[in-house]
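# Summary of structural features
What follows is the residue order along each chain.
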Amino acid sequence: MRWVLASALLLVAGSGCELLGRPASFVGTWSIRKDGRTVGCQDVGADTVTFDFRRVTTGETRSWQFQCVAGMGSSGQDLWNDDYDVTVTLWNGFQNLARSTFRTFLAGRVNVLSPVLFDLGGGGTASFAATWSVTFGGQPSTCAAVGGDTVVYTLRRLTGGQTLTFSFACAAGSGTSAATLANDTYDVSATLMQGQTPLAGVPLGSIVLAGARTNLPNAVFALGPGGGAAFRATWTIVDAGAPATCAGVGADTVTLDFVGRANGSRDTFIFDCAQGLGHVVTSGPDLTTGAYDVTVTLWAHYDTAARESLGSATLTVALAGSVTTLPAIAFTFVGGQGRFGLTWAIVDASGPPTCAAVGADTFEWRATNTVTGAVDTFLYDCTAFAALTDPALPYGTYDCRARLLAGATVLGSVTLPNLVLAAPQVPVPTFAFAFP
């Protein structure tokens with residue numbers, strides 16, 4: 001998805017505007033390596049490559065998608081000379097095969113990025129050595145005492161998503177896999193079983209297996225009073241009936257708020273939106289067994305004062321002392337509606353760049369549909385400096401106006417005619433209100 005509008009606007013109080021910075025574009029290239037050799041997209045089932053840019057100074061995001069077989073892609077003058085966090089992802093449909101993240105400064109009009117190498121592992125075989133222990137009520141215990149007979153290690157390979165399981169006798173206290181694993185990164189978890197029933201689970205996190213043997217962290221299965229419980233979760237985003245990305249709808253964060261039904265305890269878990277989009281995220285054993293009401297929320301601008309909820313759902317779950325898998329979560333957006341992403345700043349030549357310094361209290365955004373004539377006005381606290389218009393507006397073309405206000409007094413104003421809203425979120429140029 002591309003946005004044509006991508007600029008920073010300088011608003012001189014009471015007068016017109018001029019552009020800050022210079023427009024910039026990028027050229028990106030990529031290659032793929034597997035089992036130590038260069039391979040083609042078709043060899044690994046890859047079809048597309050996406051470049052996601054997040055402007056460090058404003059948080060604005062832009063995304064581009066290219067055909068994998070092209071080996072390169074370029075943008076128009078849709079960016080600005082500034083620092084960007086860049087995420088480059090190799091895809092097979094909606095499955096993430098590999099990802100590279102880096103920060104870059106776009107210094108000129110055309111900026112050639114460093115080549116991206118997607119390394120899909122391989123190049124040898126690896127094994128792991130595992131150890132585990134059991135506690136009950138916070139005290140050391142044994143497998144026999146808690147009824148555990150088997151320990152199952154589950155390894156999910158991050159490149160390709162292949163899942164492997166290895167079973168060991170619990171009483172042994174340790175186990176070693178055969179050297180049949182590819183050198184790669186895996187999400188690893190251990191589960192204590194009684195027959196087919198899980199008694200407790202421990203997520204061990206992402207672990208690189210390399211060489212003849214990799215020692216895994218010791219897995220402590222905590223049962224009984226004081227024992228920990230964990231969860232697994234995954235989510236999807238649907239816009240107008242089709243799968244969508246986090247960046248495509250302007251989302252950056254997903255939170256899961258657990259409220260204990262027995263005692264009202266509250267725990268909040270925070271994940272990057274992309275972590276669980278089509279993938280599984282796992283918590284640590286930070287909860288206790290029991291029933292919870294869980295509110296799952298999709299956020300935009302979560303780490304700012306202008307955070308906006310894009311959607312939420314509440315479900316009731318029972319954590320049974322193991323790693324409990326929550327029901328899949330789907331965030332659904334109504335087709336044909338979107339929001340404007342707004343940011344603003346104060347530029348004061350004679351004082352601090354604050355709203356208080358210039359007496360401003362409100363940022364006003366007005367959008368007039370050029371077809372229907374419908375007018376929507378949005379008011380925000382000046383000190384937020386960022387906002388996502390809510391409720392969503394119908395797709396269409398809008399004549400827009402931004403104003404900085406001190407009560408009813410207009411300190412700065414600009415009109416932006418013919419802004420096209422045709423995506424779940426359309427970033428608008430940053431408004432920098434300048435004062436002499």
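Residues numbered from 1 in each chain as written. Predicted model: local features only at pLDDT ≥ 70, side-chain atom pairs only at ≥ 80, totals over all residues. Heavy atoms only, no water.

### Some thoughts on the overall build of the protein
Within the protein one finds 3 helices and 42 strands. Split into buried and exposed, the 436 residues of the protein put 48% on the buried side. Pairs at least 24 residues apart make up 68% of the contacts formed inside the protein by residues separated by at least 6 positions. When the accessible surface of the protein is totalled, it reaches about 19000 Å², and 54% of it is carbon and sulfur. (Helix = DSSP H or I, 4+ residues; strand = E, 2+ residues; numbered from the N terminus. Buried < 20%, exposed > 50% of the residue type's maximum accessible area, 1.4 Å probe, protein only. Contact = heavy atoms within 4.5 Å. Areas by Shrake-Rupley, 256 points an atom, 1.4 Å probe, with all protein chains shown as cover.)

### Structural notes on the confidence of the model for the protein
The predicted model of the protein averages 83 in pLDDT, with 89% of residues at 70 or higher. By mean pLDDT, strand β2 (residues 17-20) is the weakest element of the protein at 36, and strand β35 (residues 362-369) is the strongest at 96. Low confidence marks residues 1-20, where pLDDT is under 50. Its contacts with residues over four positions away, or in another chain, come to 71 contacts. (pLDDT = per-residue confidence, 0-100.)

### Regarding the sheet that holds strand β29 (residues 281-282)
Taken in spatial order, the 3 strands make up an open sheet running β29-β24-β32, and their pairing is mixed. The two strands at the open ends of the sheet, each matched to only one other strand, are β29 and β32 (323-325). In terms of strand pairing, strand β24 (residues 230-233) meets β32 through 3 bridges, oriented parallel. The residue of β32 that forms the bridge with Arg232 is Thr325. (Pairing = 2+ DSSP bridges.)

### What to know about the sheet that holds strand β30 (residues 290-300)
Sheets are built from strands that pair by backbone hydrogen bonding, the pairs being arranged parallel or antiparallel. Taken together, 4 strands build an open sheet; the order of strands is β28-β27-β30-β31 and the sheet is antiparallel. Both edges of this open sheet fall to β28 (266-272) and β31 (308-319), since each of them pairs with a single strand only. The average undirected angle you get between the axes of adjacent strands in this sheet is 20°. Sheet analysis places strand β27 (residues 253-260) next to β28, joined by 7 bridges and oriented antiparallel. By the bridge assignment, Thr253 is partnered in β28 with Asp272. (Axes fitted to C-alpha atoms, helices over the stretch in contact; angles between N-to-C directions.)

### Side note on the side chain of Asn81
As for its placement among the helices and strands, Asn81 is situated in the loop between β8 (79-80) and β9 (83-92). The buried category is assigned to Asn81, whose relative accessible area is 19%. Here Leu106 takes part through its backbone oxygen, which lies 3.2 Å from a polar atom of the side chain of Asn81. Side-chain polar atoms of Asn81 contact the backbone oxygen of Gly108, separated by 3.2 Å. Discounting chain neighbours no more than four positions away, the residues touching Asn81 are Arg22, Pro23, Ala24, Phe105, Leu106, Ala107 and Gly108. (Polar contact = N/O pair within 3.5 Å; in protein donor to acceptor, adjacent residues only side chain to side chain.)

### Here's the deal with the pattern of salt bridges
One pass over the full model with this rule turns up 8 salt bridges. Salt-bridge contacts for Asp85 lead to Arg54; the nearest nitrogen and oxygen are separated by 4.0 Å. Here Arg54 lies in strand β5 (residues 48-55) and Asp85 lies in strand β9, a separation of 31 residues in the sequence. Given the relative accessible area of 39%, Arg54 is considered partly exposed. Two residues, Glu364 and Arg403, come together in a salt bridge whose shortest N-O distance is 2.7 Å. Of this pair, Glu364 sits in strand β35 while Arg403 sits in strand β39 (residues 396-406), and the two are 39 residues apart along the sequence. (Salt bridge = Lys/Arg side-chain N within 4 Å of Asp/Glu carboxyl O.)

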